[in-house]
Amino acid sequence: MTRSPVRSRDNFLVFGSPAVEDAEIQEVVASMKSGWLGTGPKVARFENDFRLYKRAEHAVAVSSCTAALHLSLLAAGIGKGDEVITTAMTFCATVNAIIHAGATPVLADVDPITMNIDPQQVVAKITARTRAIIPVHFAGRPCDMDALMDIAKRYELKVIEDCAHAIEAEYKDRKIGTFGQFGCFSFYVTKNIITGEGGMVLTRREEDAARVKSLALHGMSKDAWKRFSDEGYKHYKVVECGFKYNMMDLQAALGIHQLRRVEQYWRRRQEIWQRYNEAFAELPIELPTNPASSTRHAYHLYMVMIDEVRTRVVRDAFLDAMTAHNIGVGVHYLSIPEHPYYQQTFGWKPEDYPNAMRIGRLTVSLPMSVKLSPEDVEDVIDAVKMVLM
């Protein structure tokens, strides 16, 4: 492709803008015409499709990955007095779900190369009160599941996988989200597969799936969503105090068709990832490390590290400059101990998690959406070069 001299784009490139095609639009319209907007047959269909894709025993659709994590913790029997170890480099939802379950979050630092939770750091944080580990497959890169599952077995811990970034990811030919007792997924608008808002819980045991499904809809007895179906009114019983965490058919209508294109979308993001690697190879920035040969990366985030010593540009100035060139960028994420709430509540200090602290202060995520045209990708590359060269 012939390129004109580098320039700023005329319109703003939104970070994480989703690709929504006609099939899902028509499915949403069909739901609206049917009158069934809430939890119904399309949710059940999406659950089954996702279960088959992940080769899992059971799948329950919910309103978000945060809800998925919260419900998984409760179904795992985690509560007051328990400690749950997770990564210092994650979105706040991972930690908040532990807090909402009544447990105490405990942070472990990350590997500086993979940015995933360091198994040795996990072992160092285990106490007599530890009951579970929540590994986060960060940016779509699988965690070291052999090491983590070995730790869980040795210390009799539950494993709840945070797979918000990792729908397509695999570890040694096994689908991410099927290692632990629970696997939690996100279909938020910037994710690889979207329903606008939404999440999914994978479980091994039918009783865990049933508990998650009940808790997601006020603690109602099984299949309460069928109470207004054409089979006639169904009575239900409230068996425990639950939540309003159910997914709607309107959301599942998007997911059904998005999931059909999951591999096509994965290949496109892989192409963008490889183009960025090629274009930025000679720049003074740290690029993401290549996926391990025994894994499949989901290519959710393409993160570069802007180190002022090497680039002569501070990270936040880089963010501002990219925005001035009409390129939307993200930060994934400031480390958890950087946030005032957690500092005040738990006394966490960023310097106690040096790898997560460094990543959080230097990282920038570049656009990776399958909606990007080849020209959009080149505009991102041009903007990065204009800022740094």
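Up top is the structure.
Residues numbered from 1 in each chain as written. Predicted model: local features only at pLDDT ≥ 70, side-chain atom pairs only at ≥ 80, totals over all residues. Heavy atoms only, no water.

(A) Focus on the nonpolar core. Ranked by size, the top nonpolar core spans 42 residues in total, and within it F187 and M200 carry the most contacts. Contributing elements (two or more residues each) for this core: α2 (41-54), β1 (58-62), β3 (104-108), α6 (145-155), β9 (199-203), α8 (249-260) and α9 (262-280). Those residues in contact with F187 that sit more than four places away from it in its chain are F46, F50, I167, I193, I194, T195, G196, E197, G198, G199, M200 and M247. Grouped together as the second largest cluster of nonpolar side chains are 30 residues, L283, Y299, A383 and L388 included. (Core = buried A, V, L, I, M, F, W, Y, C linked by side-chain atoms within 4.5 Å. Buried < 20%, exposed > 50% of the residue type's maximum accessible area, 1.4 Å probe, protein only. Helix = DSSP H or I, 4+ residues; strand = E, 2+ residues; numbered from the N terminus. Contact = heavy atoms within 4.5 Å.)

(B) Representation of helix α1 (residues 22-34) within the structure. Compared with an ideal rise of 1.5 Å per residue, which puts 13 residues at 18 Å, α1 spans 18 Å between its outermost C-alpha atoms and is within 8% of the ideal. Regarding α1, the residues found buried are E24, E27, V28 and S31. One face of α1 carries all of its buried residues, which in axial projection span an arc of 100 degrees. Seen from the open side of α1, the exposed residues pointing more than 90 degrees away from its buried face are D22, M32 and K33. Packed against the buried residues of α1 are α2 and α8. Positive backbone phi, approximately 85 degrees, marks G35, located one or two places after α1. (Expected span 1.5 Å × (residues − 1). Arc of directions from axis to C-beta.)

(C) Geometry of the sheet that holds strand β7 (residues 174-175). Pairing in this open sheet of three strands is antiparallel, and the strands run β7-β6-β10 from one edge to the other. Sheet topology places β7 and β10 (295-296) at the edges, where each strand pairs with a single neighbour. (Pairing = 2+ DSSP bridges.)

(D) Here's a closer look at unusual backbone geometry. Between H332 and the following residue, Y333, the backbone shows a cis peptide bond with an omega angle of -5 degrees. With respect to the element layout, Y333 can be found in the loop between α11 (315-324) and α12 (340-346). In this structure, H218 is a non-glycine residue whose phi angle is positive, near 65 degrees. What makes H218 partly exposed here is its relative accessible area of 35%. One non-glycine residue, R312, lies in positive phi territory at about 60 degrees.

(E) Fine view of the packing of aromatic side chains. Within this structure, the stated rule accounts for 17 aromatic pairs. Each member of the aromatic cluster is reached from another via a ring pair, and the members are W266, W273, Y276, F280, Y299 and Y302. The ring of F179 has R174 sitting right over it, with the charged end atom 4.3 Å from the ring centre. When the ring centre of Y53 is taken as reference, the NZ or CZ atom of K175 above it lies at 4.2 Å. (Phe/Tyr/Trp six-rings, centres within 6.5 Å; stacked < 30°, edge-to-face > 60°. Lys NZ or Arg CZ within 6 Å of the ring centre and 35° of its normal.)

Read these as spatial facts, not as claims about activity.
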